[in-house]
Amino acid sequence: MMRPENRRMWATVLAALPLAVMLMAGPACVDAAVPRTKKIEVTAAPYHTGTVFSDYSGWGANPAYLLVGQNPDFDDKTAGGWMRFDISEIPDSAVIQKVYLTFSVFDDHGKGAIVDLTGLAEDPLDAIYHTRSYGLRNNPRYLTNVALTNGIWRSNLGSDAVGHLQKALAGNWFAAGLYYRDKPNFFVCIHGWEDDERPVLEVDYLVPEQILNAEWQKPFKIIEGDVVTMLAEVDGFLPDVVPTWEIWEHDAAGDDRIKNPEIKSHGVYEENGRYFVKGEWTARWHEDAHGDPEYFFIVTVGSASARSTEDKDKQLHVARGNDQQAPIPNPPAFATRPYAVSPTAVSMTVADVTDPEMYGVEYRFLCESDSGGCSNSEWSSSLTFMDADLSPGARYGYRVMTRDKSPNKNESEQSAIAYVDTFAAMPLAPIVKNPTPTSLDLEIREDRNSAATQYAVINVTENNYLSKSGRDISAQPIWRTRAEWGRITVSRLTPDTHYAFRIKARNAIATETTWGITGSGMTLSKTPDLYPENLGIRGSKRHLDTGGAVRIEVDVANHPTGGLASGPWQLQWILSGNRQVGDQDDVILHSQQYNETFAPGQKRHYTYDWSPDGHTRCIAVLVTGHASETNTSNNVVLLDLSQSLVKQ
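What counts and what doesn't
Residues numbered from 1 in each chain as written. Predicted model: local features only at pLDDT ≥ 70, side-chain atom pairs only at ≥ 80, totals over all residues. Heavy atoms only, no water. Helix = DSSP H or I, 4+ residues; strand = E, 2+ residues; numbered from the N terminus. Contact = heavy atoms within 4.5 Å. Areas by Shrake-Rupley, 256 points an atom, 1.4 Å probe, with all protein chains shown as cover. Salt bridge = Lys/Arg side-chain N within 4 Å of Asp/Glu carboxyl O. Buried < 20%, exposed > 50% of the residue type's maximum accessible area, 1.4 Å probe, protein only. Pairing = 2+ DSSP bridges. Axes fitted to C-alpha atoms, helices over the stretch in contact; angles between N-to-C directions. Phe/Tyr/Trp six-rings, centres within 6.5 Å; stacked < 30°, edge-to-face > 60°. Disulfide = S-S within 2.5 Å. Patch = residues over 30% accessible without salt bridge, like charges linked within 9 Å, V, L, I, M, F, W, Y side chains within 5 Å.

**A look at the overall build of the chain**
Summing up its helical and strand segments, the chain has six helices and 44 strands in all. The long-range fraction of contacts in the chain, counting pairs at least 24 apart against all pairs at least 6 apart in sequence, stands at 70%. Split by element, the accessible area of the chain, about 31800 Å² in all, is 49% carbon and sulfur.

The structure is reproduced here in structure tokens:
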């Protein structure tokens, strides 16, 4: 193949020639092949014969390029050697025009030499040409009796070299040798001491005209009146070549040439070093009795012609322009029903349909959702649709419909609806707050999931699932919506303990997420800060009989180890009718708020005057609110009016 720069060079040269010169040159430009030139440097290898070479092996930096010649009639030493050139980049179909050799000469006599440069019809690597003494003598000579002086020479090797190189194209090599020196005992050499002095073969050749390929350009199914492109890749032609085009209809009854096709033709253009011709056909329906026609084209450039590909998938189909029928089947159906691919996206595929008039088909997917948030697709040739930006854990319904690409755009009915549930998104970490020694409050955070999404909560520390009440536990997950869960008070916990909780979600078809991030909290210490003790009374039955008051006394102490030294707290006197503090009929006789400072182990004395109502009563005292503790006195006072006032 010819390099782009050589194509451009020859195009420029030819464009600059006078018209008269071009006319004298022969055939018209439309049929002329582009001349090409290839320069090939000699192969670096010791293709030498004879014995004299060893006497000069020290010459230059690259003796591998050194060829030495002498007169074999005057010297018993044999001399001579071969130059070998790799011509594999010249196409085997090329037509050789001229062959030139550029080489550097050294004459040890210094007065010029008459030498012969000889070609070889066989590969010089063959052993026989390395060993025979006069292998060069009987071969055709390219340069005969040419006087060479020191310097660089460029010579046309003539018709024999053209013929030999033409035959050598199939073998991908060409060889020439230095044979003769006209003076006895003196030598002449072709050498390559420097890179720019190495022998170079220069070949002018032509590439025969050819069309590499020809194809319709997509789409391969069109309607009457559409414009379709024909493209052919060409080689070996001038840039001003004008192609010709023929349109043919193919069917079982035979091929028919379309008369007077509407074709706009373009000349040769270059793209990335490749050459193309292009035509544009305004398609017309061809009436026959064999159904929808298929079309091919024939392109001719110069003397080369080619038919468009016969690949069935790349044949051109043309449909009529009066279609009234929607694609079939009608309505269409899903090949793959909508399915979730993520918490926010679903995908679906429609079953392929056909258009009776071969216009081609487009598809549209329609979404139905009570909560909205989904999308309809645009009309497209794609069989697959993905709807994104959906809500996690939500349900959506989809239908699909089709239409043809005719001027009438005939639409089908909508398919039956198909439902899909998106995956739930992994929940956020729960909020854990309001600790007491035996409870923690837990809330499920609002997230991206739909309101219908259900959640399960696990107590990671105790490895059990929570119920709605927070008191009952379960070995299996209990599923509720976020609204149904509300605020959960997890009770019956151990004081001064770290608890971790995790949540997972599921959608309406029970597809679960993994467990979410852990939320945690710690229950308070059971050790009291302030607590009541030394509960007692002052008074007597006489006082009660006369309506007198009873004074109830209590000491409140800070924990000896130094609990909280100060802070708000509340002191309450509790009345219990059946002598058991904590029953449901307990009532508060009196409650007082305080905010005082206590030293570790310090006690303070508090009193309350109460007038009994004539019934036996049991009285206890509680300290509440300090450091979120509730501490009850460890003794009670029993007021028995039928006997006496008793402390127990």
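**Considerations on the pattern of salt bridges**
Per the counting criterion, the structure on display carries 14 salt bridges. Here Lys38 and Glu89 are joined by a salt bridge, their closest N and O atoms 3.0 Å apart. With Lys38 in strand E1 (residues 35-41) and Glu89 in the loop between strand E3 (81-86) and strand E4 (95-107), this residue pair connects regions lying 51 residues apart in the sequence. Glu262 serves as the salt-bridge partner of Arg284, at 3.2 Å between the closest nitrogen and oxygen. Here Arg284, found in the loop between strand E17 (274-282) and strand E18 (294-301), pairs with Glu262, found in the loop between strand E15 (254-257) and strand E16 (263-271); they are 22 residues apart in sequence, far enough to count as distant. For Arg284, a relative accessible area of 34% gives the class partly exposed.

**Here's the deal with the sheet that holds E17**
Where strands meet in a sheet, backbone hydrogen bonds hold them as pairs that are either parallel or antiparallel. Pairing is antiparallel in the open sheet, where four strands are placed in the order E11-E13-E17-E16. Single-partner strands in this sheet number two, and they are strand E11 (210-216) and E16. When the angles between neighbouring strand axes are averaged without regard to direction, this sheet yields 20°. Pairing between strand E13 (residues 227-235) and E17: eight bridges, direction antiparallel. Considered in E17, the bridge of Val234 is made with Tyr275.

**Things to note about the packing of aromatic side chains**
Overall, the coordinates contain 15 aromatic pairs when judged by the stated rule. An angle of 10° between the planes, with centres 6.1 Å apart, marks the rings of Trp248 and Phe296 as stacked. Of this pair, Trp248 sits in strand E14 (residues 244-251) while Phe296 sits in strand E18, placing them 48 residues apart in sequence. Taking relative accessible area as the criterion, Phe296 reaches 6% and is therefore assigned buried. With 6.1 Å between their ring centres and 25° between their planes, Tyr465 and Trp515 make a pair best called stacked. Residue Tyr465 is located in strand E30 (residues 464-466), and its partner Trp515 is located in the loop between strand E34 (498-506) and strand E35 (519-522); the two are separated by 50 residues in the primary sequence.

**A word on the state of the cysteines**
Per the stated rule, a full pass over the model turns up one disulfide. Cys367 shares a disulfide with Cys374; S-S distance 2.0 Å. Sign of the S-S torsion, about -100° for the bond between Cys367 and Cys374, identifies this disulfide as left-handed.

**Side note on the sheet that holds strand E26 (residues 418-421)**
The strand order E23-E25-E26 describes an open sheet built from three strands, whose pairing is antiparallel. Because the sheet does not close on itself, it has two edges, and the strands there are strand E23 (361-368) and E26. For this sheet the average axis-to-axis angle between neighbouring strands, irrespective of direction, equals 35°. In terms of strand pairing, E23 meets strand E25 (residues 395-404) through eight bridges, oriented antiparallel. Looking across to E25, one finds that Leu366 is bridged to Arg399.

**Focus: a nonpolar patch on the surface**
On the surface, Tyr339, Val341 and Met386 cluster together into a nonpolar patch covering about 280 Å² of accessible area. Note on placement: Val341 falls in strand E21 (residues 334-342). Residue classification places Val341 among the partly exposed positions, given a relative accessible area of 35%.

**Considering unusual backbone geometry**
A negative phi angle characterises most non-glycine residues, just as the trans form characterises most peptide bonds. For the bond from Lys218 to Pro219, the omega torsion is 0°, close enough to zero to count as cis. Looking at where Pro219 falls in the secondary structure, it is placed in the loop between E11 and strand E12 (221-223). Cis geometry is found at the peptide bond from Asn330 to Pro331, where omega equals 5°. By secondary structure assignment, the location of Pro331 is in the loop between strand E20 (316-319) and E21. Phi is positive for Asn434, which is not a glycine, with a value near 50°. Secondary-structure assignment places Asn434 in the loop between strand E27 (431-433) and strand E28 (440-443).

**Focus: the environment of Thr229**
Along the chain, Thr229 falls in strand E13. C-alpha separation for the pair Thr229 and Gln217, spaced twelve residues apart in sequence, amounts to 5.4 Å. Here Thr229 is in contact with Glu215, Trp216, Gln217, Lys278, Gly279 and Glu280, once residues within four sequence places are set aside.

By themselves these figures say nothing about function.
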